[in-house]
Amino acid sequence: MKLIYLDIDGVLNAHQYSQGALSCLVDKGHVDLLNEVLAIGAEIVISSAWRYMILEGSMSLQGFEYMLRTHGVHCPRRVVGLTGRDPPHFPEDGAKIRSALILKDVEERKPKKWVAVDDLKLLLPRQNFVMTDGLKGLRRHDVHKMIAKLSS
């Protein structure tokens, strides 16, 4: 099993807020790049704050996967889960919390290979982390790094 711990804002978009949607939109160019990584057989675990749509019951995991597919993500049956809730009264350092949640999930799932992609500076082993520029989102060089980490 090869897993991608996927953040969305700053990865599948560049934090451009849409007044009409009242949120940041998913960008097709960034999705096309993610699809290159999915093509090697990787599966997705949602580590983004967007996972709260599932955790709070607004959407199912299958509904989230469907939403990604409607934005062009090639992920039928490839969204295999999400990281857990932030602990109550968690510290302001979201990177520490997200890192801990990812590491806990890795420990439980025991994937053969995994990579986290995020625009936050996560506290993860270098061999398992690709940091994007949040003002640009996922770029070609990020995809090359992700594929190398999942293929080595």
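Everything here concerns the structure above.
The sections below set out a description of the structure shown in this document. Here the residue numbers are simple positions, counted from 1 along each chain's written sequence. Where totals are concerned, whole chains, interfaces and linings use all residues; where local detail is concerned, this predicted model gives features only for residues with pLDDT of at least 70, and gives and counts side-chain atom pairs only at 80 or more. The side-chain values count all of the structure's non-hydrogen atoms but skip hydrogen atoms and water molecules.

Our focus in this paragraph is the overall build of the protein. Across its full length, the protein carries five helices and seven strands. Counting from the amino terminus, the protein carries its helices and strands in the arrangement β-β-β-α-β-α-α-β-α-β-β-α. Using C-alpha atoms as the atom set, the radius of gyration is obtained and then compared with a globule rule of 2.2 Å times the number of residues to the power 0.38. The C-alpha radius of gyration computed for the protein amounts to 14 Å, which stays within 12% of the reference 15 Å derived for 152 residues, consistent with globular compactness. Seen through its C-alpha atoms, the protein measures out along the principal axes to roughly 40 × 35 × 30 Å. Burial status follows relative accessibility: with a 1.4 Å probe on protein chains alone, a residue under 20% of its type maximum counts as buried, one over 50% as exposed, and anything between as partly exposed. For the protein, with 152 residues in total, the buried portion stands at 45%. Contact criterion: two residues are considered in contact whenever any of their non-hydrogen atoms come within 4.5 Å of each other. Counting only contacts in the protein whose residues sit at least 6 apart along the sequence, the fraction spanning at least 24 positions is 61%. Computed with the Shrake-Rupley method and a 1.4 Å probe, the accessible areas treat only the protein chains shown as cover for residues. Summing over all exposed atoms, the protein offers an accessible surface of approximately 8000 Å²; the carbon and sulfur share of this is 55%. Note that His is not counted, nor are the chain ends; the positive residues are Lys and Arg, and the negative ones are Asp and Glu. Lys charges are placed at NZ, Arg charges at CZ, Asp charges at CG and Glu charges at CD. Looking at the protein, you have 21 positive and 18 negative side-chain charges, and the mean spots of the two groups are 7 Å apart. Only DSSP runs of H or I reaching four residues or more are called helices, and only runs of E reaching two or more are called strands; each is numbered from the N terminus.

Pairing of aromatic side chains here covers Phe, Tyr and the six-membered ring of Trp, requires ring centres within 6.5 Å, and sorts the geometry by plane angle: under 30 degrees stacked, over 60 edge-to-face, intermediate tilted. Counting across every chain of the model gives one aromatic pair. Consider the rings of Tyr5 and Trp114, whose centres lie 5.8 Å apart with planes at 85°: the pair is edge-to-face. Linking Tyr5 in strand S1 (residues 2-6) with Trp114 in strand S6 (residues 113-118), this pair joins segments that are 109 residues apart in sequence. Take Tyr5 and Trp114: they sit in the same class, and that class is buried.

This next bit is on the pairing of S1. Most of S1 is tucked away, with four of its five residues classed as buried. Two elements, S1 and strand S4 (residues 43-46), share four bridges in a ladder whose sense is parallel. Note on S4: the bridge partner recorded for Ile4 is Ile44. In this description, strands pair whenever DSSP reports at least two bridges between them.

With respect to topology, five strands assemble into an open sheet ordered S5-S4-S1-S6-S7, the strand pairing being parallel. Both outer strands of the open sheet, strand S5 (79-82) and strand S7 (129-131), are each paired with one neighbouring strand and no more. In this sheet, neighbouring strand axes are inclined to one another by 25° on average, regardless of whether the strands run parallel or antiparallel. Structural elements are reduced to axes, namely lines fitted to C-alpha atoms, with helices fitted over the stretch in contact, and the angle between N-to-C directions of any two is expressed from 0 to 180 degrees. Lying over the sheet, helix H5 (residues 140-151) contacts S1, S6 and S7, oriented at roughly 160° with respect to S6.

A word on the packing of helix H1 (residues 28-38) against H5. It is at 9 Å that the axes of H1 and H5 come closest, and there the two elements cross at 15°. Comparing their axes, H5 and H1 come out roughly parallel. Crossing geometry of H1 relative to H5 is assigned as right-handed. Each of Leu33, Glu36 and Val37 in H1 lies in contact with H5, whose residues at this interface are Arg140, Val143, Met146, Ile147 and Leu150. When grouped by side-chain class, the residues that make up the contact of H1 with H5 number six nonpolar, no polar and two charged. Here roughly perpendicular refers to angles of 65 to 115 degrees, roughly parallel to angles under 35, roughly antiparallel to angles over 145, and oblique to all remaining angles. When the near helix sits turned anticlockwise from the far one by under a right angle, the crossing is termed left-handed; a clockwise turn instead gives a right-handed crossing. Side-chain classes are defined by residue name, with Ala, Val, Leu, Ile, Met, Phe, Trp, Tyr, Cys and Pro counting as nonpolar, Asp, Glu, Lys and Arg as charged, and the others, Gly among them, as polar.

Any link to function would need more than the numbers given here.
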